[in-house]
Structures are given as C-alpha cells and as structure tokens.
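# Observations on the model geometry
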Amino acid sequence: MNKRITVGLGCGVAVIAAAFFGLTRSAAPEEDAEGVAAVSPRTTSTVAHEGNRRKVLETAKQEARAAIRRSMKAKAQEAEMEAAQEKDAQEKDDPDQVMPEGPLSAADQEIAEVADEAVSDKDFETAQDVAAEALKSSDARVRVQAVETLMGFGETALPELADFLNDPNHEVAVLAADRYELAVQEIEDDAERVAVAKLGVLSIDDPDELLAMMGTLRMSTDETAVLTALADIIRDGSAAQAEVAREAYRGETGDEWTTPEAARAWLIENDYPVPAIR
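Summary of the structure given here. (Residues numbered from 1 in each chain as written. Predicted model: local features only at pLDDT ≥ 70, side-chain atom pairs only at ≥ 80, totals over all residues. Heavy atoms only, no water.)

Next up on the list: the overall build of the protein. The helix and strand inventory of the protein stands at 12 helices and 0 strands. When the elements of the protein are put in sequence order from the N terminus, they spell out α-α-α-α-α-α-α-α-α-α-α-α. In the protein, which comprises 278 residues, the share counted as buried stands at 31%. For the protein, contacts bridging at least 24 residues in sequence account for 55% of all contacts bridging at least 6. On the protein, roughly 18000 Å² of surface is accessible, and the fraction owed to carbon and sulfur atoms is 55%. (Helix = DSSP H or I, 4+ residues; strand = E, 2+ residues; numbered from the N terminus. Buried < 20%, exposed > 50% of the residue type's maximum accessible area, 1.4 Å probe, protein only. Contact = heavy atoms within 4.5 Å. Areas by Shrake-Rupley, 256 points an atom, 1.4 Å probe, with all protein chains shown as cover.)

Here you go:
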C-alpha cells in the first residue's frame, strides 16, 4: 500500500511539473528557425501607430511654422502701413508742407517781381535765374511762382522745371509734376518726349508721382527709345525708380528685366531698331 501511495504521489508531481513547464513555454514568445523571437501582431501594430504619429506631428509642425511665417509677415506689413500713416501725419504737421501766410520777405519779394518781369518780357534766361533763386527760398509760395513762370516757356523750360519735381513741399512737387507731365504729352517728337520723361522719372521720389511719370514715358510709340530709357533708369536710378522701370519693362515686353543684351535681343526679335543699350 505504501508503494502505491508513493507511486501515485510521484505521478501527481510529474503531471504538475509537466503542466507548469508547458504553461511557461506557451507564455514565452515563439522563436523562428534562427532562434530569434517573433514579433507579435500587437507589437507590429504599435510600431506602425508610432510611425504614423510621428508623421502627423511633423505635418502639424510644418503647418504651424507656415502659420507663424504668415502671421509675422502680416504683422510686418501692418507695421509698415502704420509707419507710412505716421509719416503722412508728420508731413501734414511739417512746416514745409504748409503754405506760409503773410507778406514775403524782402528777398522773396524781389524774386517774385523778377519772375513777373520774365513772363511779361518773355525772357527765358531771367526765368532760369528766377528758378535758381526760388530753389534756395524756404517760402513755398515763391517756388510755386517759379513753377508757373517756367511753364510760360513751354517745353524749353522742362529741364529747369524738373528741379521742382522733388520739392520738400508736397503741393509744390505735385504742381510741378502735373505741369511737367502735361508739357511732355504735348511734345510731338517721340525721342524728345522719352528723353524728357526719363528726366522726370529720375527727378522724382514720390511713389505716386513716379508711377504717373512712368506712364507718361510709356505713351511713346518709339519702342526702342522707351526700352533704352528704361534700361538707363534701371542702371542709374534709385532703388524705387529702378523697380518702377522693371515693372514698365515687364509691361512693354512681357519678360522680366535681366540684362541689356536680353533687351536688345527682344528688339531684334520684334523687328525694332537696335540701339547700343548699356
């Protein structure tokens, strides 16, 4: 009987041990032929999810950066507009922008009297002297009279009138520009019209008046003269003048300005006379 008990206990222990080792083996990950543990489907899904998450985050970062750039650009443009408005307000308060009142100084009165004489005598040399002296005057009224005096001599006086196109007083500058543009438009010779208009463009800083004067230059039917003038302005003008000239070149040719050689090539291609564009 004791033997049977011993054998029974031994069998029981063996069954328990077998069950334990079987459970332990089934819980361990399976290994492939080379003994490397295989990745369970759940682990693969987790890796894929993390990869997608990284892509989503990277896309979100790019969108955030783009939004930040747009916002900063908008803020910069708003700041520029505010600065321009502030500048306009300051110019309105600037004594140079206000026509003075009261009697002229003795020196200015003398300039005004000589201006009247130049007109009545049709003396252009005296009108030139008046313009030169008026440019030195701090009284905008004297400079206005000089502009009117010069216009009494037509296109002959345009080179002298160009000196007033960038007058510190906006009213004087606008008056001079208006008179200048009208006189240029009345010039019949295309080459002369373009040359005088080019002088006007190179004499102006005000953006609005600059665009208007460029429009006057482009009224010419002499495409060769126009492109030559635009090339000169791009080369010799201020940054603002050169930019307006580039826009005009694009409008004339449909191409971006690159080099004088490209401008010559365009003229040749379109059967226009070809000058020595520098």
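Glancing now at the packing of aromatic side chains. What the rule picks out here adds up to 3 aromatic pairs. Ring geometry for Tyr-249 and Trp-257: centres 5.2 Å apart, planes at 90°, overall edge-to-face. For the residue pair Tyr-249 and Trp-257, the accessibility class agrees, reading buried in each case. Both rings, one in Trp-266 and one in Tyr-272, keep their centres 5.8 Å apart while their planes meet at 15°; by these two values the pair is stacked. Given a relative accessible area of 32%, Tyr-272 falls into the partly exposed group. (Phe/Tyr/Trp six-rings, centres within 6.5 Å; stacked < 30°, edge-to-face > 60°.)

For the rest of this paragraph, the subject is the side chain of Thr-216. When you line up the elements, Thr-216 lands in helix 9 (residues 207–217). Residue classification places Thr-216 among the buried positions, given a relative accessible area of 3%. Setting aside its immediate chain neighbours within four residues, Thr-216 contacts Glu-181, Val-184 and Gln-185.

Moving on, we come to helix 12 (residues 260–269). Restricting attention to buried positions, one finds in helix 12 the residues Pro-260, Ala-263, Trp-266 and Leu-267. Here the buried residues of helix 12 occupy an arc of 115° about the axis, which is enough to place them on one side. Facing away from the buried side of helix 12 by more than 90 degrees, the exposed set consists of Ile-268 and Glu-269. Buried residues in helix 12 make contact with helix 10 (223–236) and helix 11 (239–253). One or two residues past the end of helix 12 sits Asp-271, with phi positive at roughly 65°. (Arc of directions from axis to C-beta.)

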